[in-house]
Amino acid sequence: MDVSESIENSGVSDLIVKLCNNLSKNNQGIASDLCKVAFSFLSTVPATFETNNIHEESYTVSQIRQKLASQSKEKLDKFEILYSKLCESTILQRRSASLSFLYQLSNGVVKSSKDGVPAWCSVSKELGKLKSQTSLTQSNSQDSVRNFFESKDKKKGSSGSHSGHSGSLSATRAHSQTTTISSYWSRNDLPGSSKIISLTTVTEQDLLLDVIYSFQGIEGKFLRKEPGGLGFTIDPKACKLLTPFQKGILERLTGMSFLHNQLKRYCEENEKQRGIISQALIATLSDELSEYYKTVALLQASISKQGTENLEMTLKRALYVMYDPHTRFEWLAYISEQCSDKKGGELITAIHGFLQHGSKCAREVSETVLKSVCKPLYVMLSRWLLDGEINDPYNEFFVEAKNVITAERLWHDKYKVRYQMVPSFITMNQAKKILATGKSINFLRQICRDGGQLPGRESLHKLFKNSTAEALFAPEQSIEFHATLENVYKETSIRVLDLLKNKYKLYEHLQSLRRYLLLGQGDFIRHLLELLEPELNKDAEHIYGHTLSAILESAIRVTNAQYEDEDTLKRLNVSFMSHSSGDTGWDVFSLMYIVDGPIGTIFQHTMPTYQSLFGALWKAKRTEYALANMRRQQICMAKLFRKIRELKPVMHSIHILTSKMIHFLHQTQYYFLFEVLECSWAEMQHQVNKADSLDDIITAHAGFLNSVQRGVLLDENSRQLFSHLVSIYNFVMTLECHQEALYRECLSEHEAYTEYQKKINGGDGFGTNTQDDNANKLRRSTFHHFLNTTKVKVKTSSETYDLIVKNFLELLSKSVNMNLRLLSVRLSFNNFYKVA
């Protein structure tokens, strides 16, 4: 060691001794303790002072402020002034280390000065003096201290031989102090050694403060936010200072920070989400966060009181305190995750599923959230059941309202169930009853114009007044709710049915539809056919509506239809279907029944079905009427033209074919009018009589029409059968045309033959001439040719008819409908048509 280095080291040691003397106000005991602490501190310099200089200084300053604040506000204000001046100075190179050193001194010295003031209180007074002191660098501080002790030890051994400057007062004081320091050094029992460890090891209080910050989503010295994530991680630089135990507890505590950030982000992202029920969920989560912040505030307060009260808050205790909030936030985070991209009843269903969880905490949390989100649903439900009103601007209620064009479609189209919005604690059957109850209220007020007191309102008002939203899902309360709902549904439905059956004559309208559109009034239909035949044989474009209306009124006046209710007869009218070129009146004519008001709700949408059924039954009735006329004409022709022997084979062929057609038509008519219509009508009557609601009547009526459609082969699966049936009807009309032509020719031949016989047997005595005989021969030849042609046509028609009927019967025999298979057996009795 050269002389200059020795002088430098000696100067640094003397400065330390001088500083300690000044701080202790020349109290030897206190100065000795201060020197021990100083040299112990300088002999071991932590590596983290330089790397974490900024964080260490802020932390040390916060500790000093906290300590001075607990003493008096004046000391704190004085420290702030001195610290601001120190920050402005550029002389002191290691400000953070110096502040930490002074803070450790204040904690390590417990003796009092002569004036009774603790020695550490003078630390703040000496901070201003540190500006002019020379800093100790890391490279020479430890060597300087060691050289200081070595030089002092040498002086101790040879103190008697040096009498020069060493005899001064300062040398003597330094010698005595050095002896004390050397003795403590040799025993390795420096009072500041524990403080040195506290500087190199992170305290729990430091970690607790960081944990408190992380609980609120704020970074600290040791806990950093995950890049792009919601959680916190331990700073890699600070991780080296932590024990495995501290790391483990910190990782468990930061789980709370992650859950807090997740819920907070969910609330922020969905804060402006549209939907009352969604906002109720956000409000509940916000309330939970507020309670959580109270817990964090209490935890932080307990940490702050550790210096003044005998309270010891540790990481373990903090973990215990946050256990319940952590568990609660875990379920809240899971619930919020399940509710993402959901609204209304769908969101409520997602939350309700947690009520069945095995965890008690999960059930409690979900019940709390469910009570909150069910409140808007409860209000919507009460308004719908009490007033039939829907206040649902965000489409969250499981009943939706649409715009309808006509009043008759209110029941069918205006209100529907959103099946995805039905909460899981409401069954689909209950949802339909809730829908029907509200619809019935609107039906009574808007369609029936019924201003009377709605039934069941008192019990419903009482229920909504005395219960809460918990009644929707809580088993012990939902029983009463659903029982009341059932009673209100029944009473409201009975009111609707009573009005329809009595005031609006539901049964009378059903009977009228059956009699006139389904051809149940036989005398009226037969007479109408006779009156309409001349008009309907015309081309469709030559038929006028007023003419047919007059014929309809005539048919009503001369039949039993005249005894019907006047309102019913006013609703009956004629209509024309769309027609094309070549159509006759038979192709476009139809009867119609006008329905409106409350009964229109049941019948309006079924009118097209009634029109199609009328068309099918009208074709069959017209064919039956044509066959009856043909049979009557055949009897007349047999009597009138019995002298025309050549006619008998043709008439025989026509008679046989007509008999086949009559048998076929009688069997099909019996099947349509009795087995189909009458049986379906009886079943509908039974369903209507036991109906509990308007929906039951609509369902029964729709079932009746569907059954009739299947029976008369108008459903989707019977198109091919109906096509064959129409072909058979057309063959009947073709045969009628052949017979009519034959009748005209036979009548012309009969008249010509009679005239010829008169000439032969005439009384004038002249008889016939050659011209008359030739004309007679030519006429008879032409007539015989016509008979042969007609006979061929009839034979061809008979063969074609048999083929079509056989195909029709084969289709019937393969039908899945047992009644149609039995009809096939009746039509081909004794296997007449040889159906395979």
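Predicted model, so just to flag it, every value in this text is computed and none were measured.

**A few points about the overall build of the protein**
Within the protein, the secondary structure is distributed over 34 helices and six strands. Per-residue burial over the protein gives 46% buried out of 836 residues. Of the contacts formed within the protein by residues at least 6 apart in sequence, a portion of 72% connects residues at least 24 apart. Per element, the accessible surface of the protein, about 43,000 Å² overall, is 52% carbon and sulfur.

**Some words on helix α5 (residues 73–88)**
With 16 residues, α5 should reach 22 Å at 1.5 Å per residue; the first-to-last C-alpha distance of 23 Å fits that figure. If you check which residues of α5 are buried, you get L76, F79, L82, Y83 and L86. All buried residues of α5 lie within an arc of 130 degrees about the axis, which places them on one face of the element. Exposed residues pointing more than 90 degrees away from the buried face of α5 are listed as K73, E74 and E88.

**Here's the deal with the nonpolar core**
Judged by nonpolar contacts, the single largest core of 192 residues is most densely connected at F398, F524 and W618. Broken down by element, this core gets its largest block of residues, 17 residues, from helix α30 (residues 647–689). If sequence neighbours within four positions are ignored, F398 has contacts with L377, L381, K416, V417, R418, M421, V422, P423, I426, A431 and I434. Membership of the second largest hydrophobic core comes to 14 residues, among which are V12, I16, C20 and L102.

**Thoughts on the packing of aromatic side chains**
One pass over the structure, following the stated rule, counts 23 aromatic pairs. Ring centres of F397 and F398 lie 4.7 Å apart, and the angle between their planes is 45 degrees; on these two criteria the pair is classed as tilted. Accessibility classification places F397 together with F398 in one group, the buried group. Ring-pair connections join several aromatic residues into one group, and the members of that group are W586, F589, F614 and W618. Just above the ring of W681 sits the side chain of R514; from NZ or CZ to the centre is 5.2 Å.

**Brief notes about unusual backbone geometry**
We note that D341 has phi near 60 degrees; this positive angle belongs to a residue other than glycine. Position of D341 relative to the elements: it lies in the loop between α16 (323–338) and α17 (344–352). The class for D341 is exposed, based on a relative accessible area of 83%.

**Some details on the pattern of salt bridges**
Applying the stated criterion across every chain, the model contains 29 salt bridges. Across the salt bridge formed by E80 and R65, the nearest N and O atoms sit 2.8 Å from each other. Taken together, the residues span a long stretch of sequence, with E80 in helix α5 and R65 in helix α4 (residues 53–71) at a distance of 15 residues. For R65, a relative accessible area of 31% gives the class partly exposed. A salt bridge links R495 to D450; its shortest N-O distance comes to 2.8 Å. Taken as a pair, R495 in helix α22 (residues 475–503) and D450 in the loop between α20 (428–447) and α21 (457–466) lie far apart in primary sequence, 45 residues in all. The exposure class of D450 is buried, given its relative accessible area of 15%. Several salt bridges converge on common partners, so that one network encompasses E646, E749, R779 and R780.

**A short note on the packing of helix α29 (residues 607–640) against α30**
Where α29 contacts α30, the two axes come as close as 9 Å, and the packing angle between them is 150 degrees. Here α29 and α30 pass one another in a crossing that is left-handed. Grouping the constituent residues of the contact of α29 with α30 by class yields 14 nonpolar, seven polar and three charged.

**Quick look at the pairing of strand β6 (residues 589–593)**
Working note: regular strand, side chains alternate between the two faces of the sheet. Among the five residues of β6, four are classified as buried, and the element is accordingly described as predominantly covered. Examined bridge by bridge, strand β5 (residues 572–576) and β6 share five bridges and lie antiparallel to one another. Of the residues in β6, the one forming a bridge with V574 is L591.

**So, the confidence of the model for the protein**
Taken as a whole, the protein shows an average pLDDT of 81; of its residues, 84% reach a score of 70 or greater. Scored below 50 in pLDDT, residues 44–52 makes 13 contacts in the model with residues more than four places away or belonging to other chains.

**Focus on the packing of α30 against helix α32 (residues 719–760)**
The interhelical angle for the contact between α30 and α32, taken along N-to-C directions, is 145 degrees, at an axis separation of 11 Å. Where α30 crosses over α32, the handedness of that crossing is left-handed. Along its contact with α30, which presents L647, V650, M651, I654, L657, T658, M661, F664, L665 and F672, the element α32 presents L725, I728, Y729, F731, V732, L735, Q739, L742 and C746. Per-class residue counts for the contact of α30 with α32 are 17 nonpolar, two polar and no charged.

The rules behind these values
- Residues numbered from 1 in each chain as written.
- Predicted model: local features only at pLDDT ≥ 70, side-chain atom pairs only at ≥ 80, totals over all residues.
- Heavy atoms only, no water.
- Helix = DSSP H or I, 4+ residues; strand = E, 2+ residues; numbered from the N terminus.
- Buried < 20%, exposed > 50% of the residue type's maximum accessible area, 1.4 Å probe, protein only.
- Contact = heavy atoms within 4.5 Å.
- Areas by Shrake-Rupley, 256 points an atom, 1.4 Å probe, with all protein chains shown as cover.
- Expected span 1.5 Å × (residues − 1).
- Arc of directions from axis to C-beta.
- Core = buried A, V, L, I, M, F, W, Y, C linked by side-chain atoms within 4.5 Å.
- Phe/Tyr/Trp six-rings, centres within 6.5 Å; stacked < 30°, edge-to-face > 60°.
- Lys NZ or Arg CZ within 6 Å of the ring centre and 35° of its normal.
- Salt bridge = Lys/Arg side-chain N within 4 Å of Asp/Glu carboxyl O.
- Axes fitted to C-alpha atoms, helices over the stretch in contact; angles between N-to-C directions.
- Left-handed = near helix turned anticlockwise from the far one by under 90°.
- Nonpolar A, V, L, I, M, F, W, Y, C, P; charged D, E, K, R; others polar.
- Pairing = 2+ DSSP bridges.
- pLDDT = per-residue confidence, 0-100.

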